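Listed below are the residues making up each chain.
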Amino acid sequence: MNAKQIWQTAIERLQAKVPHNIFTTWFQGTTGLSFQDGVFTVGVSTPFAKSHLEHRFADPIRFALGEVIGNPVEVQIVVAKERPQTEATTDILFSPPRRPHRLGKHRPSLVQREKHLAETGANPKGFILPLQRLNKDSVNQPAQEQTWDDEPPARSPIQIPATPGLKTVKSSTPYTGESQLNPRYTFDAFIVGKSNQLAHAASKAAAEKPGQIYNPLFLYGGVGLGKTHLLHAVGHEGESKGLTVLYVTSEKFTNEIINAIRYQKTEEFRAKYRQIDILLVDDIQFIAGKESTEEEFFHTFNTLHNANKQIVVTSDRPPKAIHSLQDRLRSRFEWGLLADVQPPEYEHRLAILRSKTELLHFPVPNEVIEYIARPERANVRELEGALNRVIAYATLHNVDITTHIAEAALENLYTERKHTPIKLTVEEVLEGVCRYYNVEIERIRSKQRDREIAWPRQVAMYLMREETTASLQQIGAALGGRDHTTIMHGWEKVQAEIKNNERVRHEIAAVLESLQHRP
Ligand SMILES: Nc1ncnc2c1ncn2[C@@H]1O[C@H](COP(=O)(O)OP(=O)(O)OP(=O)(O)O)[C@@H](O)[C@H]1O
């Protein structure tokens with residue numbers, strides 16, 4: 001396990017102990033940089049985050065790392081330049097050891113192994129190798145060095161024949177095939193069950209006959225249920241046919257359009273997006289309410305759709321539930337096929353876990369798989385996390401994997417999730433928000449719409465929805481008689497900002513903290 005993986009395991013433990021918003025704000029985007037001579041170095045992106053983690057979380061961090069490593073550690077937090085995050089680095093802790101789950105008796109200590117790895121670049125015998133590309137063909141093959149972390153190989157620019165109806169734009173930066181697909185997310189590695197049958201079949205059909213059957217294909221459902229996996233699988237199939245595929249998160253799309261507008265490069269932006277055969281957009285709900293992004297996406301959509309190019313998007317909810325989305329976009333999303341993914345039922349969870357252990361080449365006894373597949377684990381990402389944690393625990397303690405060990409490894413997760421966090425009241429949120437932004441309650445409740453009032457009001461809507469048990473109507477009433485769609489809109493706006501803007505993330509965490517430590 002390298003520093004990054006140790007950190008990932010440690011913060012999973014912290015996640016169970018820290019309120020969700022606080023965790024997302026302060027721990028998302030942090031990285032384990034190194035572990036040497038008993039000192040573990042964590043990288044954060046801003047001096048503010050460094051100071052906050054040092055002051056508020058030093059002990060819990062030290063404790064969690066000590067638990068994972070099995071020895072007391074010193075922790076150092078540094079401001080490090082952010083590296084692009086890829087899922088492959090975060091959602092799998094292990095690559096398979098070449099041998100089954102019991103490691104040799106006289107293994108070097110974790111510190112020695114890290115040191116050896118750092119000095120020689122080689123893995124001492126018995127140590128877990130870094131994540132490799134895992135697919136059926138790589139089973140029993142010598143480990144390859146390349147991971148999805150690596151830069152994709154440069155490709156020659158793609159020559160696109162002129163498409164009727166497409167405005168031909170001369171671009172100084174032609175599209176160079178940056179599809180960014182995760183090699184693990186293939187149809188082969190996707191386990192089909194009742195809960196995702198339709199989404200899987202529709203994705204397969206769209207991949208086999210792009211632009212001809214379900215266009216657009218709109219995949220929606222809760223977190224960690226395989227929407228992104230299916231999106232990438234469509235992309236792989238398209239690429240294997242030699243088609244031009246682009247995968248993009250709506251956040252990236254938004255950033256690109258903002259930069260294009262700022263640097264007057266909208267023509268290049270359009271040229272890039274309109275020369276692809278398969279456009280895959282993840283988390284489309286986040287473009288809602290962003291006027292220029294929606295506008296540009298609308299035109300991109302029309303051009304591609306008119307040219308019979310395939311569009312697949314994912315969202316956490318169906319189009320009609322994305323309230324601030326423009327009607328013309330909503331209706332276009334509904335043109336094609338809407339396919340939902342639901343949480344897998346028990347048998348399906350077992351099958352997914354078995355397939356993951358096979359991919360990891362890590363035999364895990366059936367009763368342990370059954371233990372991990374307990375009902376608390378409704379989403380597949382959590383299932384994977386629990387499996388990784390059990391394997392990590394057994395490996396670090398050099399013991400066989402048994403139900404007893406799995407219980408110990410998952411103990412905190414299962415027990416602490418049962419505690420419901422203390423809820424606030426709408427009045428407490430309102431007072432706290434007003435105190436934080438230094439505005440009067442009556443102004444928040446009024447019809448005033450200038451930003452200095454509108455933003456704190458939306459923050460109040462967001463926190464009331466997240467941190468209280470009040471209904472949308474009750475929140476509306478507390479905020480001067482606003483209706484539930486206004487509250488939903490406010491909530492969505494703040495949520496999107498939190499996701500896209502680090503400054504806002506910190507701001508909301510600070511408001512929340514001030515509420516939790518109110519005078
Ligand atoms: N049916 C499945 N078979 C195999 N692996 C799956 C399946 N469903 C999900 N996974 C795995 O679960 C993890 C989470 O899936 P994914 O990222 O696609 O979820 P998502 O629905 O896009 O979640 P989010 O909305 O949070 O982005 C991935 O590692 C994915 O490979």
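Small disclaimer: the values here were computed from a predicted structure and weren't measured.

**Q** What should I look at first to understand the pairing of strand β4 (residues 217-221) in this one?
**A** On a regular strand, each side chain points to the face opposite its neighbour's, so the side chains alternate between the two faces of the sheet. Of all the five residues making up β4, five are buried; the element is thus mostly covered by neighbouring parts of the structure. Judged by which residues are buried, β4 turns out to be covered on both faces: Leu 217, Leu 219 and Gly 221 on one side and Phe 218 and Tyr 220 on the other are all buried. Here β4 pairs with strand β7 (residues 310-315) via four bridges, running parallel. By the bridge assignment for β7, Phe 218 is matched with Val 313. The pairing of β4 with strand β8 (residues 337-341) spans five bridges and is classified as parallel. Among the inter-strand pairings, Gly 221 is bridged to a residue of β8, identified as Val 341.

**Q** Where do I start with the UniProt feature "binding site: ATP" (unreviewed entry) in the chain in this structure?
**A** When the UniProt feature table is mapped onto this chain numbering, "binding site: ATP" (unreviewed entry) sits at Gly 224, Gly 226, Lys 227 and Thr 228. Checked against the element boundaries, Gly 226 lands in the loop between β4 and α8 (227-240). What Gly 226 contacts, discounting residues up to four positions off in sequence, is Phe 190, Asn 196, Val 341 and Val 380. Mapped onto the elements of the fold, Thr 228 is located in helix α8. When sequence neighbours within four positions are dropped, the list of residues in contact with Thr 228 reads Tyr 185, Asp 282 and Thr 314.

**Q** It is not clear to me how the sheet that holds β4 should be interpreted in this structure. Could you clarify?
**A** Across a sheet, paired strands are connected by hydrogen bonds in the backbone, their directions being either parallel or antiparallel. Overall, parallel pairing links the five strands, which are arranged β5-β6-β7-β4-β8 in an open sheet. With one partner strand each, in any of the chains shown, β5 (245-249) and β8 form the two edges of the open sheet. Mean inter-strand twist for the sheet, computed between neighbouring axes without regard to direction, equals 15 degrees. Relative to β7, strand β6 (residues 278-282) is paired through four bridges, and the arrangement is parallel. In the strand pairing of β7, Val 281 is matched with Val 313. Against the sheet, helix α7 (residues 197-208) touches β4, β7 and β8, its axis set at about 135 degrees to β8.

About the cut-offs
Residues numbered from 1 in each chain as written. Predicted model: local features only at pLDDT ≥ 70, side-chain atom pairs only at ≥ 80, totals over all residues. Buried ≥ 20, exposed ≤ 12 C-beta atoms within 10 Å, placed from the backbone. Helix = DSSP H or I, 4+ residues; strand = E, 2+ residues; numbered from the N terminus. Pairing = 2+ DSSP bridges. UniProt positions renumbered as here; feature names shortened; annotations may be inferred. Contact = placed C-beta atoms within 7 Å. Axes fitted to C-alpha atoms, helices over the stretch in contact; angles between N-to-C directions.

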